[in-house]
Amino acid sequence: MSAFLKLLFRNRLAAMGAVVLGAILLLVLVTPLLPLPDPNVTDTSQRFLRPFEAAGHLLGTDHLGRDLLARLLYGTRLSLAVGFAAAVIAAFFGSAIGIVAGYFGRRTDNIIMRGVDMLMAFPYILLALAIVAALGPGLLNALIAVAAVNIPFFARNIRGITVGLAAREFVDAAKLSGKGHLRIILTEVLPNVLPVIVIAMSTTVGWMILETAGLSFLGLGSQPPVADLGSMLGEARAALITAPHTSVVPGLMIFLIVMSINLLGDGVRDALDPRLKSGALSRPRSMTRVDRKGPVREAAQKGLLDLQALETQFHVGARVYRAVGGVDLHVKKGECLGIIGESGSGKSVTALSVMGLVASPPGVITAGAVRYDGHDLLSSGYREMRQRRGENVAYIFQDPLATLHPLYKVEDQLAEAIQSHHRVSDGEARERSLELLRAVRIPNPESRLKNYPHEMSGGMRQRVGIAMALANDPDVIIADEPTTALDVTVQAQILALLDDLRRERGLAIVFITHDFGVVAQLCDRVAVMYAGRIVEEGPTKAVLDAPAHPYTKRLIACVPELGGGQRELAAIPGLPPSVDDLPPGCAFAPRCHKARDACAQGEIPLDGTPPRAVRCLYPEEAV
Amino acid sequence: MGSYILKRLVSAIPVLLGITVIVFLIMAMIPGDPATAILGSYATPENVEKINRDLGLDKPLVQRYFIWLGNMLTGDFGRSFSLNRPVLDEVLERFNATLILAGTSFVLCAVLGVLAGVVSAARQYGLADKLITFVVLIGISVPAFFLGMMMILLFAVNLRWLPVSGMYAIYGGGDLADLLRHLVMPALALAAVATGVVARLSRSAMLEVLRQDYIRTARAKGVPERRVIMGHALRVAMVSIIPVLGIQAGFVLSGAVYIEIVFQWPGVGRMLVDAILTRDILLVQGGVVFVAACYVLFNIAVDVAQSLLDPRIKT
């Protein structure tokens, strides 16, 4: 509770709302003790005095010469009391109905909820007006009307909670122990729904104050001479032009009350919503923020795509997660480079950094360069990056259901990929889309074009994802675990397809995976990542046959072998380190059986005779 | 699609019947002798008897309901005693004015609200976002009737830009330009709260959608950012915004009652308030049933729009 309050008051706006509301509440509580004139005593010789004009009438007087300040405070008192009473009544009856419906379920629930739905089919004021029409104007009747109108809201919310509770074990246990329904409801159900009722009340009490004020404003609520804020405003309307202050004073008070309740309500909601605590609700920008501390040193071009000392971090509050801690990679035309590592090793972030697709905030590229054909993409800005995305470097993502747009047809998604880069007619784009579907060997491509993603199987969706990546004949394709979500036979087909495409079109492929089998099948070279850095690199066969880094060796040992007979799979003990708190030296040292003191001291370089390299002081094999 | 619309229309029938039952029951709550209540100080014995006969109050409750329902289905909503004309004629005429006002406000709140929410989300934590959040907070906290009064003070009385009230100028008005001049202030005042609510919801819906994987896919394809926001993201966000628009339509319709009073707009809301104050029960009954029925049909249209937008909804 105190943590909740702390969170609530860290929100400055919510705190402001609490202070304003508290001040108003305090003021109306002590109103009878204040030296104020009687709010209902008329004095027509003192009509329409302006604020601060006459002593004894701080806010002036109204059309009957009554003191506005006194009327304001007493009116606020009345409005708050009525609004609060309406909230309590609505909460009481609404919750009772909701609990009965949710607890008994079946027919009872059905009938009650039908009725509630009917009530909710009304615009609220029609119902309120009908009730006032039947009962006659008056504050009490307005209160009843407002409460009645809000009953369905409580009934529906509380029913939802109760339905869940009624199915729980402790309710069953209470039933078995022979308790009556009423006792179960009062002792087992009610305590559990009470917090929800209170929260629902706190979010609706502002509304109810406003609604009763509204009815009074229409002349259907409080009757003269007693006034609440609404009827004050209603009476003042006639003199709006000649004496605007009589309208402004009560109007501003309603505004202040409603706003402070809104602010407080927002604060409560935010404090209760755990997603906001982690700051995860911010949206990613169009391109990852690049904030490099110094100039990037020049380097000779090694491949079509060169990553040079790339560092990508996530800044969450005061914490810095070094997801990618200085990665050098290159891939040549027609070559397939595999990047392998456990989840969280930074391989996906490395790949996404290439085209500035790391979610930002919180992602920041803090150092290094990404060179496409010798040209640094990170210093080029969004405009140029946008033009290269899909045109020069294309992506294939992991889960094709989540990565394809759910509401666009396949043909629209493919055509858009083309038309984002080339001015072609819709007809041409469609033709080309059809070719693309044929190229990725989708049966019945004509009819598939008209499909939505949810109408296709996982394998088909991933083919569409690949077709989309091929749309503009890119030179580099980055495939981020494209087969992880697929079953084995489909996976084999997709891999074969990618391999063919690479050979036919001379594509450079960066293939990210955690599966050595896939790497062996497809990749010319492989880079092993651990805790954001490359720990070993070399031609696939060499690395698989003779791993140099203890981590690589252990990782390969984890792979079950088909037909290899039963053997114990050597899981690596421990967990990868958290990248916001990396140990000095080798990040794998704490889990490594060969680690010595030197491993935990100072920077260890990635060393070896090209094409092989390893980041280890005591490698398994000399490279 | 046609069968879906038909299905929704059929499913509305019990709701519409429920509405008539509820209104009928509320009106049956009138304490004491309804005829006396309706007539007030005009309650001479002849009048009471006439009212009782006219309203069929001498018959049992259930029978009265079905007579009333049957009459309504044939277009007979009874006769307003205070206006001395058929209720339906009056309601239709007034509803026309309300529709112009509330319809304009609804379009305003939908367009401005969604736009503000989208800009706010796209520029999260930026200046535009902070500005919009602030204005929205004010907007949803000002009661519509107070906002209307303040607008009159500023734009009609002080600046003299717009007419104070009414729907047409009394002399020499009556054309479209005149209507629009009269419509600006009430429509804006009425739209304020709903716009704020829609803007808030649109912002959070957009923020939610912008974090999804398919947005990253769109960006990876090289789709221009404007299209990512206004196409890919908004399209999905609309799926959760549209039902709220349906709910807000109800609030706009409700707020119209206050705005019609403040701006002397000759709509159905003002008619209802007058009818309540003159105890013209038949007029209240007819007006409420008619507007509620229109609202139910409007919500069906919202559902249909929703299903058009989202192919995943089974039609």
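Every residue gets a number counted from 1 within its own chain, in the order that chain's sequence is written. Chain A is the first chain written and ligand 1 is the first ligand written, with later ones labelled in order. With pLDDT at 70 or above as the cut-off, local features in this predicted model cover only qualifying residues; side-chain atom pairs require 80 or more to be listed or tallied, and sums for whole chains, interfaces and linings still use all residues. Each side-chain value is worked out from all heavy atoms of the structure, with water and hydrogens disregarded.

What to know about the overall build of chain B
Secondary structure summary: chain B contains 12 helices and two strands in total. Dimensions of chain B along its principal axes, counting C-alpha atoms only, are 80 × 55 × 35 Å. Across the 315 residues of chain B, 52% fall into the buried class. Restricting the contact set of chain B to residue pairs at least 6 apart, pairs at least 24 apart contribute 71%. A total accessible area of about 14,100 Å² is found for chain B, and carbon and sulfur atoms account for 67% of it. The averaged location of the 20 negative side-chain charges in chain B is 14 Å from the averaged location of its 26 positive side-chain charges. Put simply, DSSP H or I for four residues or longer makes a helix, DSSP E for two residues or longer makes a strand, and each gets a number counted from the N terminus. Residue exposure (1.4 Å probe, protein chains only): buried if accessible area is under 20% of the type maximum, exposed if over 50%, otherwise partly exposed. Any two residues having at least one pair of non-hydrogen atoms within 4.5 Å are treated as being in contact. Where accessible areas are quoted, they stem from the Shrake-Rupley method and a 1.4 Å probe; at the residue level, only the protein chains shown are allowed to cover. Charge counting treats Lys and Arg as positive and Asp and Glu as negative, with His and both chain ends excluded. Throughout, a charge is located at the NZ atom of Lys, the CZ atom of Arg, the CG atom of Asp or the CD atom of Glu.

Describing the nonpolar core
Core analysis: the largest hydrophobic core is formed by 174 residues, its most contacted members being Phe 122, Leu 215, Phe 217 and Leu 218 of chain A. Filtering out sequence-adjacent residues up to four positions away, Leu 215 of chain A remains in contact with Ala 128, Leu 129, Val 132, Ala 142, Ala 145, Val 146, Leu 220 and Gly 221 of chain A together with Tyr 258 of chain B. Counting 57 residues, the second-largest nonpolar core is a separate cluster that includes Leu 470, Leu 486, Tyr 551 and Cys 586 of chain A. For the purposes of this section, nonpolar cores are sets of buried Ala, Val, Leu, Ile, Met, Phe, Trp, Tyr and Cys residues that join through side-chain atoms within 4.5 Å.

Thoughts on the UniProt feature "domain: ABC transporter" (unreviewed entry) in chain A
In this structure's numbering, the residues bearing the UniProt feature "domain: ABC transporter" (unreviewed entry) are residues 307–556 of chain A. Taken end to end, residues 307–556 of chain A is 39% helix and 27% strand, and its first and last C-alpha atoms sit 26 Å apart. UniProt positions are given in the numbering used here, feature names are shortened, and annotations may be inferred rather than shown by experiment.

Things to note about the environment of Pro 362 of chain A
Tracing the backbone shows Pro 362 of chain A in the loop between helix H12 (347–354) and strand E5 (363–372). With a relative accessible area of 27%, Pro 362 of chain A lands in the partly exposed category.

Description of the UniProt feature "transmembrane region" (unreviewed entry) in chain B
Residues and elements named next belong to chain B. Within the UniProt annotation, "transmembrane region" (unreviewed entry) is assigned to residues 12–30, 95–119, 131–159, 179–201, 236–261 and 281–302. Within residues 12–30, the helical portion is 89% and the strand portion 0%, while the C-alpha atoms at the span's ends are 28 Å from each other. As annotated, residues 281–302 has a helix share of 100% and a strand share of 0%, and its two end C-alpha atoms lie 31 Å apart.

Comments concerning the confidence of the model for chain B
Residue-level pLDDT values for chain B average 88, and 94% of them are 70 or greater. Predicted complex metrics record ipTM = 0.87 and pTM = 0.87. pLDDT is a residue-level measure of predictor confidence that goes from 0 to 100.

Structural notes on helix H16 (residues 426–439) of chain A
Residues and elements named next belong to chain A. The span you would expect from a helix comes to 1.5 Å times its residue count less one. Look at H16: 20 Å from first C-alpha to last across 14 residues, which is about the 20 Å you get at 1.5 Å a residue. For H16, the set of buried residues is Ala 429, Ser 433, Leu 434, Leu 436 and Leu 437. Projected down its long axis, H16 shows its buried positions confined to an angular sector of 160°, all on one face. Next to the buried residues of H16 lie helix H15 (410–419), helix H17 (445–448) and helix H18 (458–470). Arg 441 sits one or two residues past H16 and shows a positive phi near 60°. By construction, the arc corresponds to the directions joining the helix axis to the C-beta atoms.

Brief notes about the UniProt feature "domain: ABC transmembrane type-1" (unreviewed entry) in chain A
Those places that UniProt annotates as "domain: ABC transmembrane type-1" (unreviewed entry) correspond, in this numbering, to residues 76–265 of chain A. In this annotation, residues 76–265 of chain A is assigned 83% helix and 0% strand; the end-to-end C-alpha distance for the span is 20 Å.

Points about the pattern of salt bridges
All names here are of chain A. Every case where a carboxyl oxygen of Asp or Glu lies within 4 Å of a side-chain nitrogen of Lys or Arg is listed as a salt bridge. Counted according to the given criterion, the structure contains 41 salt bridges over all chains. Among the ionic pairs, Glu 603 bridges to Arg 533, the shortest N-O distance being 2.8 Å. Taken together, the residues span a long stretch of sequence, with Glu 603 in the loop between helix H22 (550–557) and strand E12 (613–614) and Arg 533 in strand E11 (residues 533–539) at a distance of 70 residues. The class for Glu 603 is exposed, based on a relative accessible area of 59%. By sharing partners, the salt bridges in this structure join Asp 62, Arg 66, Arg 71 and Glu 235 into a single network.

Concerning unusual backbone geometry
Residues and elements named next belong to chain A. A cis geometry characterises the amide bond from Ser 360 onward to Pro 361, with omega recorded as 0°. Among the secondary structure elements, Pro 361 is positioned in the loop between H12 and E5. For the bond running from Pro 361 to Pro 362, omega is 10°, close enough to zero to count as cis. A positive phi is found at Ala 309, a non-glycine position, where the angle reads about 45°. Mapped onto the fold, Ala 309 is located in strand E2 (residues 305–316). By relative accessible area, which is 27% here, Ala 309 ends up partly exposed.

Some details on helix H5 (residues 124–135) of chain A
In an α-helix there are 3.6 residues to a turn, and that puts residues three or four apart on one side. All names here are of chain A. For H5, which comprises 12 residues, the first-to-last C-alpha distance of 17 Å matches the rise-based estimate of 16 Å (1.5 Å per residue) to within 8%. Among the 12 residues that make up H5, 11 are buried, leaving the element largely enclosed by the rest of the structure. Taken together, the buried positions of H5 are occupied by Tyr 124, Ile 125, Leu 126, Leu 127, Ala 128, Leu 129, Ala 130, Ile 131, Val 132, Ala 133 and Ala 134. At the C-terminal side of H5, Gly 136 shows a positive phi close to 95°.

Quick look at the side chain of Asp 280 of chain B
Residues and elements named next belong to chain B. Mapping Asp 280 onto the fold places it in the loop between helix H11 (268–277) and helix H12 (281–309). Nearest to the buried, unbridged Asp 280 among oppositely charged side chains is Arg 79, at 9.9 Å. Setting aside its immediate chain neighbours within four residues, Asp 280 contacts Ser 80, Phe 81, Ser 82, Leu 83 and Ala 275.

Re the domain arrangement of chain A
For the domains described, the bounds stem from an automatic or database domain assignment. Once the domains are mapped, chain A shows domain 1 (2–28 + 64–276) and domain 2 (399–463). Computed over C-alpha atoms only, the centres of domain 1 of chain A and domain 2 of chain A are separated by 51 Å.

Observations concerning the packing of helix H10 (residues 245–272) of chain A against helix H6 (residues 127–141) of chain B
In the contact formed by H10 of chain A and H6 of chain B, the axes pass within 8 Å of each other and the chain directions differ by 125°. Of the possible angle classes, the one that applies to H10 of chain A and H6 of chain B is oblique. The chirality of how H10 of chain A crosses H6 of chain B is right-handed. Note on element contacts: H6 of chain B touches H10 of chain A through Leu 137, Ile 138, Ile 140 and Ser 141 of chain B, opposite Phe 255, Val 258, Met 259, Asn 262 and Leu 263 of chain A. Think of it as three bins: nonpolar holds Ala, Val, Leu, Ile, Met, Phe, Trp, Tyr, Cys and Pro, charged holds Asp, Glu, Lys and Arg, and polar takes everything else, Gly as well. In terms of residue class, the contact of H10 of chain A with H6 of chain B is made up of seven nonpolar, two polar and no charged. Note on method: axes are straight lines fitted to C-alpha atoms, helices fitted across the in-contact stretch only, with angles between N-to-C directions ranging 0 to 180 degrees. Should an angle fall under 35 degrees it is called roughly parallel, over 145 degrees roughly antiparallel, and 65 to 115 degrees roughly perpendicular, with every other angle called oblique. Note on convention: near helix rotated counterclockwise from far helix by under a right angle means a left-handed crossing. Clockwise means right-handed.

With respect to the pairing of E11 of chain A
All names here are of chain A. Within E11, five of the seven residues are buried, leaving the element largely enclosed by the surrounding structure. Strand pairing is defined by DSSP finding a minimum of two bridges between the two strands. The pairing of strand E10 (residues 525–530) with E11 spans six bridges and is classified as antiparallel. For Ala 527, the partnering residue across the bridge sits in E11 and is Glu 537. A loop of two residues connects E10 with E11, the two strands running antiparallel in sequence, and Ala 531 in this loop sits at a positive phi of about 50°.

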